[in-house]
Amino acid sequence: MPGAPPRTAQRGGSGGRHPPEEALMKVLTEYLAHPESHTLAYYESHGGYETARKALTQLAPADVVAEVKASGLRGRGGAGFPTGMKWGFIPQGSPKPKYLVVNADESEPGTFKDRLLLEKDPHAILEGVIISAYAIGAHWSAIYIRGEFARQHAILETAINEAYARGYLGKGVFGTDYDLDLVLHRGAGAYICGEETALLSSLEGKRGYPKLKPPFPATHGAWESPTCVNNVETIATIPWILRHGGSEYAKIGVFVPGEEGKPPKVDSRGTRLMCVSGHVNNPGVFEVELGTPIIDVVEKLAGGVWKGRKLKAVIPGGSSTPILTAEEAGQMCLTYEDCAKFKTMFGSGGLMVIDEQQCMVRLLEVLLHFYAHESCGQCSPCREGTDWLYQIVRRVEAGRGEAEDFKTIEELCNNMEGRTVCPLAAAATMPTTSYLAKFRDEFLAHVAHKGCPQRVAATVHGAAPAAVGV
Ligand SMILES: Cc1cc2nc3c(=O)[nH]c(=O)nc-3n(C[C@H](O)[C@H](O)[C@H](O)COP(=O)(O)O)c2cc1C
Ligand code: SF4
């Protein structure tokens, strides 16, 4: 479809301040600054729903899938799987109904981008749902929203009712013979229900237990029918891609082709909403072009490390992703390939900034408490292992650790990884092993000093230790 992408600068940061404009992109955030951005009237005033109308009246479903494949879009929920390819796995010959489910569970610590879209641009999500459901042949779809998102739930509910009233959902969408129903399903506050198979179990009214894969939801999803699960940000990107063309989206970001017959060397296209939190002056959500150096996000967009302190570490993609030292973060750009090079992950885009005063043992203790609490308890290595990890690190932080503890932690991690139904166990072990490898001295110092050396010093000098920023 015609039209050049608006590659101009945008106002950034949900915090409302103004970072250097040239560092930001406008694919998802172009209209969010308007106070009425969540309303149907405003959405329609800048061409909203016209792309879905065109797709349904002028394109075959396979053409829509082809456009998304050409865009190079990869899922923004965590794993980064190519979206067009995922849609292509939905078996069109199957006599069973097909479903589209939008994952709005957003529970990974440090992640708050989907919340922004749900609150500020619900109609972009709905337009994305219409196009995506049409592409995969679904006539029923659901948005599974995090239980704690009461405000966002209310906004989305209003938007869905408006879309039904306008004929954008329901029988004969846009006057065509295509029918689409959309259900808004509210979760009950379990982190594990963000994992797609657990989400589908919960959607079916069962306990939110993850299931072994294969079979994948594409063939055996909700009610054992072909189901595509996509993240909110992924779905909200679809209208832009169809409006401007997949090839225009593919020009944003970084792409380096491989040698003859080989896969591309770098394939990180488009923009991502980065949620920047922790010890920075200007935390918020920033839409950045893939390939942007991490240090630019920290320094230029998020206003640098607070209180004039030095950068100590960066968690790049939500609390489950392996941590980077300041030196590593300084060498890294936001691409899937750089993440792999530095043995970490892009994850959910939750970039947490850690300053020089943060105790890394305390930080790990806080994260492990979360994962131990959120284990669904189905697999013994995860149910027991996450709690053991938490208890040991807690003991080390409290000054009752022993040198042997680190060997036990490593053995525990080895016994947990790859032995569970879902990746939650790995979400606890991956940060643990990276903290121990990169900040081992701090862990050893806790044993030697019988507690946090910073706290011991603070007690002596009467100053408070640094607070945990996550
Ligand atoms: C423990 C766990 C929690 C997850 N939580 C979320 C979540 O809150 N939101 C989300 O979109 N994906 C989450 N995912 C990833 C989903 O399983 C799934 O891959 C994603 O929704 C697919 O969408 P995408 O292809 O658009 O990225 C989680 C995965 C795991 C293992
Ligand atoms: S790994 Fe943990 S969260 Fe995942 S299914 Fe097993 S017990 Fe549940």
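Shown above is the structure to which this text applies.
This section reports on the structure supplied with the text. All values derive from a computational prediction rather than experimental measurement.

## A word on the pairing of strand β8 (residues 284-289)
Thinking step 1. Counting buried positions along β8 yields five of six residues, so the element is predominantly enclosed.
Thinking step 2. The pairing of strand β7 (residues 271-278) with β8 spans six bridges and is classified as antiparallel. Residue pairing across strands places arginine 272 opposite valine 288, the latter belonging to β8.

## Some words on the site of ligand 2
Thinking step 1. Around ligand 2 lies a shell formed by Ile192, Pro210, Ser375, Cys376, Gly377, Gln378, Cys379, Cys382, Thr420, Val421, Cys422 and Leu424.
Thinking step 2. Across the shell around ligand 2, the residue classes tally to eight nonpolar, four polar and no charged.

## Brief notes about the pairing of strand β4 (residues 227-231)
Thinking step 1. With respect to burial, β4 is a largely interior element, five of its five residues being buried.
Thinking step 2. Here β4 shows a buried face lined by Thr227, Val229 and Asn231 and a second buried face lined by Cys228 and Asn230.
Thinking step 3. Note: strand β1 (residues 99-104) against β4, five bridges, orientation parallel. The residue of β4 that forms the bridge with tyrosine 99 is threonine 227.

## Quick look at unusual backbone geometry
Thinking step 1. Proline 214 follows lysine 213 through a cis peptide bond whose omega is -5 degrees.
Thinking step 2. Of note, proline 214 is situated in the loop between α8 (196-203) and α9 (217-220).
Thinking step 3. With phi around 50 degrees, tryptophan 223 is a residue other than glycine that occupies positive phi space.
Thinking step 4. Secondary-structure assignment places tryptophan 223 in the loop between α9 and β4.
Thinking step 5. Of note, the phi angle at lysine 450 is positive, near 55 degrees, even though the residue is not glycine.
Thinking step 6. With respect to the helices and strands, the residue lysine 450 is situated in the loop between α19 (440-448) and α20 (453-461).
Thinking step 7. The exposure class assigned to lysine 450 is exposed, which follows from its relative accessible area of 64%.

## Some remarks on the sheet that holds β1
Thinking step 1. Strand order in the open sheet formed by four strands is β3-β2-β1-β4, with parallel pairing between adjacent strands. Looking at the sheet topology across the chains shown, the edges are occupied by β3 (181-186) and β4. Going from strand to strand, the sheet's axes swing by 20 degrees on average, the running direction of each strand aside.
Thinking step 2. Its contacts with the sheet put helix α7 (residues 150-166) on β2 (140-145) and β3, and the angle it makes with β3 is roughly 165 degrees.
Thinking step 3. Sitting on the sheet, α8 is in contact with β1, β2, β3 and β4, with an inclination near 105 degrees to β2.

## Let's talk about helix α3 (residues 61-71)
Thinking step 1. Among all positions in α3, only Val64, Val65, Val68 and Ser71 are buried. What you see down the axis of α3 is that its buried residues fit within an arc of 120 degrees, all on one side.
Thinking step 2. Of the surrounding elements, those touching the buried residues of α3 are α2 (50-58), α4 (83-88), α6 (122-136), α10 (232-244), α11 (246-250) and β6 (266-269).
Thinking step 3. Backbone geometry just after α3 places glycine 72 at a positive phi near 75 degrees.

## Concerning the side chain of asparagine 230
Thinking step 1. Within the element layout of this structure, asparagine 230 appears in strand β4.
Thinking step 2. Within the local environment of asparagine 230, its side chain forms a polar contact with the side chain of tryptophan 87, the two groups lying 3.0 Å apart.
Thinking step 3. With residues up to four places along the chain from it excluded, the contact list for asparagine 230 reads Thr83, Lys86, Trp87, Leu100, Val101, Val102, Asn103 and Ile235.

## A short note on the nonpolar core
Thinking step 1. Counting residues in hydrophobic clusters, the biggest one holds 62 residues, and the most contacted among them are Tyr49, Trp87, Ile125, Leu126 and Ile130.
Thinking step 2. In this view, isoleucine 125 contacts Leu117, Leu118, Ile143, Val232, Ile235 and Ala236; residues no more than four positions away in its chain are not counted.
Thinking step 3. Leu364, Val393, Ala425 and Phe439 belong to the second-largest nonpolar core, a separate cluster that totals 49 residues.

## Describing the site of ligand 1
Thinking step 1. Taken together, 17 residues form the shell around ligand 1, and within it Gly77, Lys86, Asn103, Asn231 and Thr234 come nearest.
Thinking step 2. Contact distances for ligand 1 include 2.9 Å between an oxygen atom and a backbone N or O atom of glutamate 196.
Thinking step 3. Isolated, ligand 1 exposes 610 Å² of accessible area, and the fraction of that covered by the protein chains is 89%.
Thinking step 4. For the shell around ligand 1, the element with the highest residue contribution is β4, accounting for three residues.
Thinking step 5. Its residues placed into classes, the shell around ligand 1 shows three nonpolar, eight polar and six charged.

What counts and what doesn't
- Residues numbered from 1 in each chain as written.
- Chains lettered and ligands numbered in written order.
- Predicted model: local features only at pLDDT ≥ 70, side-chain atom pairs only at ≥ 80, totals over all residues.
- Heavy atoms only, no water.
- Buried < 20%, exposed > 50% of the residue type's maximum accessible area, 1.4 Å probe, protein only.
- Helix = DSSP H or I, 4+ residues; strand = E, 2+ residues; numbered from the N terminus.
- Pairing = 2+ DSSP bridges.
- Near = heavy atom within 4 Å.
- Nonpolar A, V, L, I, M, F, W, Y, C, P; charged D, E, K, R; others polar.
- Axes fitted to C-alpha atoms, helices over the stretch in contact; angles between N-to-C directions.
- Contact = heavy atoms within 4.5 Å.
- Arc of directions from axis to C-beta.
- Polar contact = N/O pair within 3.5 Å; in protein donor to acceptor, adjacent residues only side chain to side chain.
- Core = buried A, V, L, I, M, F, W, Y, C linked by side-chain atoms within 4.5 Å.
- Areas by Shrake-Rupley, 256 points an atom, 1.4 Å probe, with all protein chains shown as cover.

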